[in-house]
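# Chains, contacts and geometry: an overview
The residues making up each chain are set out below.
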Amino acid sequence: MVLNNEQLKKIYYGAYSFAETEDGYLQAFQYSKAQMDYFAKASIIWYERCSASAAKTLEFVTEATKISFDYKIIWMGSQDSFELCVDGLITDIVYVKDIKEEGTISFTLEGKKKNVIIYLPADATVVIKNFEINADIMPVKKGPKVLWLGDSITQGYGPLRSGNTYVSVANRLLGYDIINQGIGGYIYDKNSLMKMEGYKPDKIIVALGTNQYGTETMKDIEEYYEVLTEIYKDTPILCITPIWRGDNLEGIPTLIRFCNKIKDIVKKYKSVSVVDGFELVPHLPEYYLDNLHPNQLGSEVYGRNLVRAIEKLGF
């Protein structure tokens, strides 16, 4: 059975909208056109990454033993992976460094009823078509709609594994229906916050700040939360303050002061809860790719500790 693009959309998660390319591939977007137009004017780095396949997944229940699909990589930041997850366990990894920019990916599975997740590369823009499977598929039941806002760590750079970003690790346990609006290099920028027609998240998670902790003013952060809480009135929001970073140890006191100022800013909003990022990832280089972005181990710990924090807060 080969799914057409309309059928494929029914098992495709992490997208706000879809478009079909001239050669028939399905492309998914996590931002509105107005937001992407803003990025195009503001920063080429942000614009390139705003349509990356971060946290985009194919998810379904099936008894299939074979799955395949055609893919094309139309932009790439770094080389991570396509991954297969069966009943919560990663069972196959196809590294981008080992494949061509265009081709077909196939997975073999055991013939029993199972929950399947296929993770698309986090730091690349991937389009797909001709999804073929040798058994029926059923949609999965997802939890609340959650909008995730962040920078490169949230987008998924660091572990170089799409199924091992902290967002992917956390969401395998949480089961949210997420849209990941993380972009490499991003900051607290109110201009990117716009109403997304037809989309209303049940919750919002914000993980920003590490790219601007040396700022002399907190005006951008203050205005960001003013706009965010105005657009999404009464929507529960979780603010994750920046995690530890070891690339500039002399700057740690400045980073801590910055985190404390963020906590002070969000205190005035009843809808905003806070998780201290310094409590999520160990303060050791072994947990980081470059003393800034958590590696596979760091992302695993980050995601699991975040879930514990969310459960403790009742968020």
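Preceding this paragraph is the structure being described.
Below you will find a few notes about this structure. Only a predicted model underlies this, so the values are computations on that prediction, with no experimental measurement involved.

As a further point, take the pairing of strand β13 (residues 145–150). Regular strands place side chains that alternate from one sheet face to the opposite one. Extensive coverage of β13 is indicated by the burial of five of its six residues. Both β13 and strand β14 (residues 177–182) contribute to a ladder of six bridges, which runs parallel. From the neighbouring strand, G150 faces β14, where its bridge partner is G182. In this structure, β13 lies alongside strand β15 (residues 203–207), joined through five bridges in parallel fashion. Within β15, the residue paired with V146 across the bridge is K203.

Okay, the side chain of K129 next. Inspection of the secondary structure puts K129 in strand β11 (residues 124–133). Buried charged residue K129 carries no salt bridge. Nearest counter-charge: D70, at 5.3 Å. Among residues more than four places away in sequence, those in contact with K129 are N5, D23, G24, Y25, F69 and D70.

Let's shift gears to the packing of helix α6 (residues 219–231) against helix α7 (residues 252–266). For the pair α6 and α7, the least separation of the axes is 10 Å and the interaxial angle reads 35°. The crossing of α6 and α7 is right-handed. Side by side, α6 and α7 meet where I221, E222 and Y225 of the first sit next to F258, I262, I265 and V266 of the second. When grouped by side-chain class, the residues that make up the contact of α6 with α7 number six nonpolar, no polar and one charged.

In this section: the nonpolar core. Counting 66 residues, the largest nonpolar core has W148, V206, Y225, L228 and Y302 as its most contacted members. Setting aside chain neighbours within four positions, we find W148 in contact with T154, Y166, V167, A170, Y176, I178, I179, N180, Q181, G182, I205 and L306. Formed by 29 residues, the second largest nonpolar core is a distinct cluster that contains A28, F60, I73 and F131.

Next up on the list: the pattern of salt bridges. Per the counting criterion, the structure on display carries 14 salt bridges. Between K142 and E59 there is a salt bridge, and its shortest N-O distance comes to 3.0 Å. On the criterion of sequence distance, the pair formed by K142 in the loop between β12 (137–138) and β13 and E59 in strand β5 (residues 57–62) is long-range, its members being 83 residues apart. A relative accessible area of 24% places K142 in the partly exposed class.

A negative phi holds for most residues other than glycine; trans holds for most peptide bonds. Of note, the phi angle at N130 is positive, near 50°, even though the residue is not glycine. Summarising the element assignment, N130 is placed in strand β11.

With that settled, the discussion passes to helix α8 (residues 296–313). Counting along an α-helix, one turn takes 3.6 residues, and residues three or four places apart therefore face a common direction. In this model α8 runs 26 Å from its N-terminal to its C-terminal C-alpha over 18 residues, within 8% of the 26 Å that 1.5 Å per residue would give. The complete set of buried residues in α8 reads G298, S299, Y302, G303, L306, V307, A309 and I310. Looking down the long axis of α8, one finds its buried residues gathered within 165° of arc, a one-sided arrangement. Seen from the buried face of α8, the exposed residues on the opposite side, beyond 90 degrees, are R308, E311 and K312. Looking at the packing, one finds that the buried side of α8 touches β13, α4 (152–155), α5 (166–174), β15, β16 (237–240) and β17 (272–275).

What follows is about the layout of surface pockets. For the largest pocket, the calculated volume is near 450 Å³. If you go around the largest pocket, you meet 28 residues; those closest to its centre are I117, Y119, N171, R172 and L173. Considering each element in turn, the lining of the largest pocket owes the most residues, six residues, to α5. A breakdown of the residues in the lining of the largest pocket according to their chemical character gives 13 nonpolar, seven polar and eight charged.

This part covers the side chain of D70. The topology assignment puts D70 in strand β6 (residues 66–76). There is a polar contact of 2.7 Å between the side chain of D70 and the side chain of T104. Separated by 2.7 Å, the side chains of D70 and N130 make a polar contact. Those residues within four positions of D70 in sequence are excluded, and the remaining contacts are Y25, G103, T104, V127, I128, K129 and N130.

The next thing to look at is the sheet that holds β13. The strand order β14-β13-β15-β16-β17 describes an open sheet built from five strands, whose pairing is parallel. Each end of this open sheet is capped by a strand with a single partner; those strands are β14 and β17. On average, each strand axis in the sheet is inclined to that of its neighbour by 20°, with strand direction left out of account. Each of β13, β15, β16 and β17 is contacted by α8, which is oriented at about 135° to β16, the strand it contacts most.

Cut-off values and rules
Residues numbered from 1 in each chain as written. Predicted model: local features only at pLDDT ≥ 70, side-chain atom pairs only at ≥ 80, totals over all residues. Heavy atoms only, no water. Buried < 20%, exposed > 50% of the residue type's maximum accessible area, 1.4 Å probe, protein only. Helix = DSSP H or I, 4+ residues; strand = E, 2+ residues; numbered from the N terminus. Pairing = 2+ DSSP bridges. Lys, Arg positive; Asp, Glu negative; His and termini not counted. Salt bridge = Lys/Arg side-chain N within 4 Å of Asp/Glu carboxyl O. Contact = heavy atoms within 4.5 Å. Axes fitted to C-alpha atoms, helices over the stretch in contact; angles between N-to-C directions. Left-handed = near helix turned anticlockwise from the far one by under 90°. Nonpolar A, V, L, I, M, F, W, Y, C, P; charged D, E, K, R; others polar. Core = buried A, V, L, I, M, F, W, Y, C linked by side-chain atoms within 4.5 Å. Expected span 1.5 Å × (residues − 1). Arc of directions from axis to C-beta. 1 Å grid on protein atoms, 1.4 Å probe; cavity = no way out; pocket = protein on both sides within 12 Å on 5 of 7 lines; lining within 4 Å. Points joined across faces, edges and corners; volume = space filled by probe spheres on them. Polar contact = N/O pair within 3.5 Å; in protein donor to acceptor, adjacent residues only side chain to side chain.

Nothing here speaks to function; it is all geometry.
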